[in-house]
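# Structural characterization, general
Spelled out from the first residue to the last, the chains are:
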Amino acid sequence: MRLAVLTSGGDAPGMNPALRGVVREALHRGAEVVGVSEGYAGLVTGGDHLRPLRSRDVSRILARGGTVLGTARSAAFRTLDGRRRAVARLVSAGLDRLVVIGGDGSLTGAGVLVSEWSSHLSALVEAGELDPAVAEAHPHLHLVGLAGSIDNDLVGTDRTIGFDTALHRIVDAVDALSSTARSHQRSFVVEVMGRRCGHLALAAAVCTDADVVLLPEAPPTDWRTTVTEALKRGRERGRRRSLVLLAEGATDRDGTPIAPREVRAHIEATLQVDTRITVLGHVQRGGAPSALDRVVSGRLGARAAELALGPDPSPVLVGTDGRELVVRPLLDCLDATTSVGAAIDARAFDQALAARGPEFADLLRVHRSLDAPHPPAERRLLVAHVGAPAPGMNAALATLARLGPTRGRTVLAAHEGLRGLSEGRVHPLDDDTVEGIVGEGSTVIGTNRWLPEGPEEREGVRRILDAERVDEIVLIGGFEALEAARRLADLGRPVAVVPATISNNVPGTDRSVGADTAVNVICHAVDGLALSAIGARDRVFFVEVMGRRCGWLAETAGAGSGAELVYTHEEGVDLERVRTDVRRLRSEFDAGRTVGIALVADGVPTPWDTATLARVFASESDGRFDTRVCMLGHTQQGGRPAPADRLAGALLADGALAWLTASAPGKAAVVGLRGGLATAHPLHEVLDAADPTHRRPR
Ligand code: ADP
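In this report, we go over the structure that sits alongside the text. (Residues numbered from 1 in each chain as written. Predicted model: local features only at pLDDT ≥ 70, side-chain atom pairs only at ≥ 80, totals over all residues. Heavy atoms only, no water.)

### Quick look at the packing of aromatic side chains
As a reminder of what qualifies: Pairing of aromatic rings covers Phe, Tyr and Trp, the last through its six-membered ring, and needs centres within 6.5 Å; plane angles under 30 degrees mean stacked, over 60 mean edge-to-face, and all others mean tilted. Numbering of helices and strands runs from the N terminus, with a helix taken as a DSSP run of H or I at least four residues long and a strand as a DSSP run of E at least two residues long. Burial classes follow relative accessibility: with a 1.4 Å probe on protein chains only, a residue under 20% of its type's maximum area counts as buried, one over 50% as exposed, and anything between as partly exposed.
Applying the stated criterion to the full structure yields three aromatic pairs. Their ring planes at 5 degrees and their centres at 3.8 Å tell us that Tyr40 and Phe77 sit as a pair that is stacked. Note that Tyr40 is positioned in helix H2 (residues 39–45) and Phe77 in the loop between strand E3 (50–52) and helix H3 (80–92), a separation of 37 residues in sequence. Taken individually, Tyr40 and Phe77 each receive the classification buried, so the pair is uniform in this respect. With a centroid separation of 4.7 Å and 40 degrees between ring planes, the pair formed by Phe589 and Phe625 is classed as tilted. Of this pair, Phe589 sits in helix H21 (residues 575–590) while Phe625 sits in the loop between helix H22 (610–620) and strand E20 (626–631), and the two are 36 residues apart along the sequence. The exposure class assigned to Phe589 is buried, which follows from its relative accessible area of 7%.

Structural data, given as structure tokens:
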């Protein structure tokens, strides 16, 4: 079987990992793969634009932005004749299976090609340009689409390829602007991409604690008043930076575009503050794909190849719903996408918002309610961390500090975990404490692994909870937080756990706060290691990563960094496995490989620790390669939080407050992410699903 693959329309970081997934999976299934360069333009032209792709053609492209196949916009493909030529190129190369990686325009074009396929074949036969037997051998085009677009504007997948990377670029830029803005007490108006879709702007607003965000789907009744009031409130609260994020396609309710310079003029006229405009432009599209865009796109590509090589010719889109891959009818997804645009044009904003899905709605609700009025406080909420620090903990803290008072809470923080609590180190978590922290790694209130043991220590904690009149508790932490919650719930207060650990070893959530940052840190480090070996000796790096006996971090970073080998406690290591892996690497280096990466979870069973593996491989390589050990250590815990971890922190903090509002004393729950939404699970169910010996889900 033969499969064609192309990238088309606007480029998006993550197209390369998707392409790699398509090619490797198709080859693995015994198919031949043809790469079409320059999108539909290449397909219409044919010739050298169609080339076989081998496994090594997609080596080391995970870290590269854009698309190595090239992409283009093709006017010819918009014409019937152009598409007929494209069909002729495909069938004459024996191709009737195609994966298209592109935006809604490209996928619409692909849909048109499918619907016209047989009429093009008949016309080509009739014109004598195609052998009837060849036409008969290719009655259908098996088409699979992957949504490549930084805007996240396609209905049918909760994430498009490139969205997470673009969010990284925006958040990095706004973090940088924020430090200079705070120094000078400046206001910034930042325009981000998104003509018809405000998801980038909204997510960036939550990740950077913007004062206002203006979106195509949800224009305020009067944007000028909204901006002035939000900025005034911020300054009254002592903020030194004011930030308005503006989606490219933001309009007022009548559909008149809002230009950044109008926003600036309005701020300067009403608030008399120095205001700067930054239009982020194409930097948002560029650069190395984020870890999520590498890992998820690789899986999407593999599934697309599997489906395109399968028996069913119905055109489908492969997308994601949380961590699951979903397969949906392509044309339905395109119709639904078109109707969102139509709803925005018709100013049917409720309809447009509904189509954006529940995560968008949650983010919008959370962002809008941060500044809501404070009703009289009727409950006292205590927040504490348990276990190691994780990037994104600050986002959860800041959200609790800001949302709590809007929901009738006084919010208190225990400093340095339950140890600090037992010593009475409890302070109000106020605006000053959380100002500007969403972008900072670790946690401003400190954390600790200590748990109260025995009746005396528990009584000590109870006394402090009574003295501080604590009604309810949120614990933000890792595996230890489950046991901590069990013990604190026995003291008669409801306890919500927000899972936060880079190991992602807590059951009850798709993803813990902090895990995505750690995977990014590892991928970035491995990118650097691989480049360092260029021009050096042939080399295999053994990179030790955290996670102990939970191999999630090692496996996920392995997928994101293209590691040749991953060693985890779950899979185990023995002499037989090492022998097989050494043989495999030896033959790959014989065939021309010059660098190899092995990720080793720090909990692999003895005696196969990282240094031992590296020594054994070096001595067994027979001079083909040397080995080096790299211990990433605590760099994995301390990084600036990745956008996905900031979003998780904010959404889970909101979910914890919602659960507490409806709960009763003595109850405990883990509030985790399911399909991008905060979802509470009773603690006893989560404990049943946990393996305490190995500290991972069963
Ligand atoms: P994106 O895929 O990023 O949305 P475009 O909208 O520019 O980018 O589409 C990319 C290409 O897909 C176009 O240049 C054109 O060749 C093809 N295309 C887009 N829409 C159609 C259509 N309605 N019919 C046929 N081809 C189309």
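### Topic: the sheet that holds strand E18 (residues 565–567)
Note the threshold: A pair of strands is labelled paired if DSSP reports no fewer than 2 bridges between them. Where helices are involved, their axes are fitted lines through C-alpha atoms of the stretch in contact, as for all axes, and angles between N-to-C directions lie from 0 to 180°. Contact between two residues is taken to exist if any of their heavy atoms lie within 4.5 Å; hydrogens are not considered.
Strand order in the open sheet formed by four strands is E18-E19-E17-E20, and the pairing between neighbours is parallel. In this open sheet, the two strands that pair with only one neighbour each are E18 and E20. Neighbouring strand axes in the sheet, compared pairwise and without regard to direction, differ in orientation by 20 degrees on average. As paired strands, strand E17 (residues 539–545) and E20 are joined by six bridges and run parallel to one another. Paired with Phe541 across the strands is Arg628, a residue of E20. In the packing of helix H20 (residues 552–561) onto the sheet, the strands contacted are E17, E18 and strand E19 (595–601), and the crossing angle to E19 comes to about 165 degrees. Packed onto the sheet, H22 meets E17, E18, E19 and E20 and runs at close to 170 degrees relative to E20.

### Considerations on the sheet that holds strand E22 (residues 677–682)
As summarised here, the arrangement of the seven strands in space is E14-E13-E12-E15-E16-E21-E22, forming an open sheet in which the pairing is mixed. Bordering the open sheet on either side are strand E14 (426–428) and E22, each of which pairs with just one other strand. Between one strand axis and the next, the sheet turns by 30 degrees as a mean value, whatever way the strands run. Of the strand pairs in this sheet, strand E15 (residues 472–477) and strand E16 (residues 495–499) are connected by five bridges, and their pairing is parallel. Across the sheet, the residue bridging to Gly477 is Pro499, located in E16. Strands in contact with helix H24 (residues 643–661) are strand E12 (379–386), strand E13 (409–414), E15, E16, strand E21 (668–674) and E22; relative to E21, the strand with the most contacts, it is inclined by about 140 degrees.

### With respect to the pattern of salt bridges
Inclusion rule: Basic side-chain nitrogens of Lys or Arg form a salt bridge, by our definition, when they fall within 4 Å of a carboxyl oxygen of Asp or Glu.
Throughout the structure, instances matching the rule amount to 58 salt bridges. Between Glu435 and Arg239 there is a salt bridge, and its shortest N-O distance comes to 3.0 Å. Highlighted residues: Glu435 in the loop between helix H16 (431–434) and helix H17 (454–467) and Arg239 in the loop between helix H8 (223–236) and strand E8 (242–247), separated in sequence by 196 residues. For Glu435, a relative accessible area of 24% translates into the label partly exposed. Here Arg239 falls in the buried class, since its relative accessible area comes to 4%.

### Re the site of the ligand
This is how it is decided: Being near a molecule or strand, for a residue, means having at least one of its heavy atoms within 4 Å of it. Under this definition, polar contacts are N or O atom pairs within 3.5 Å; protein pairs additionally need one hydrogen-donor-capable and one acceptor-capable atom, and for neighbouring residues in sequence, both atoms have to be side-chain atoms. For accessible areas, the Shrake-Rupley method is used with a probe of radius 1.4 Å. Any residue's cover is judged against the shown protein chains and nothing else.
By nearness alone, 16 residues border the ligand, and Gly10, Arg73, Ser74, Gly105 and Ser106 come closest of all. For the ligand, a nitrogen atom lies 3.4 Å from a polar atom in the side chain of Arg78. Measuring from an oxygen atom of the ligand, one finds a side-chain N or O atom of Ser106 at 2.4 Å. Here the ligand loses 82% of its free accessible area of 550 Å² to cover by the protein chains.

### Structural notes on H24
Heads up, the condition is: By definition here, a helix of n residues has an expected span of 1.5 Å times n minus one.
With 19 residues, H24 extends 27 Å between its outermost C-alpha atoms, agreeing within 8% with the 27 Å of an ideal straight helix rising 1.5 Å per residue. In terms of residue burial, H24 counts as a mostly covered element, since 17 of its 19 residues are buried.

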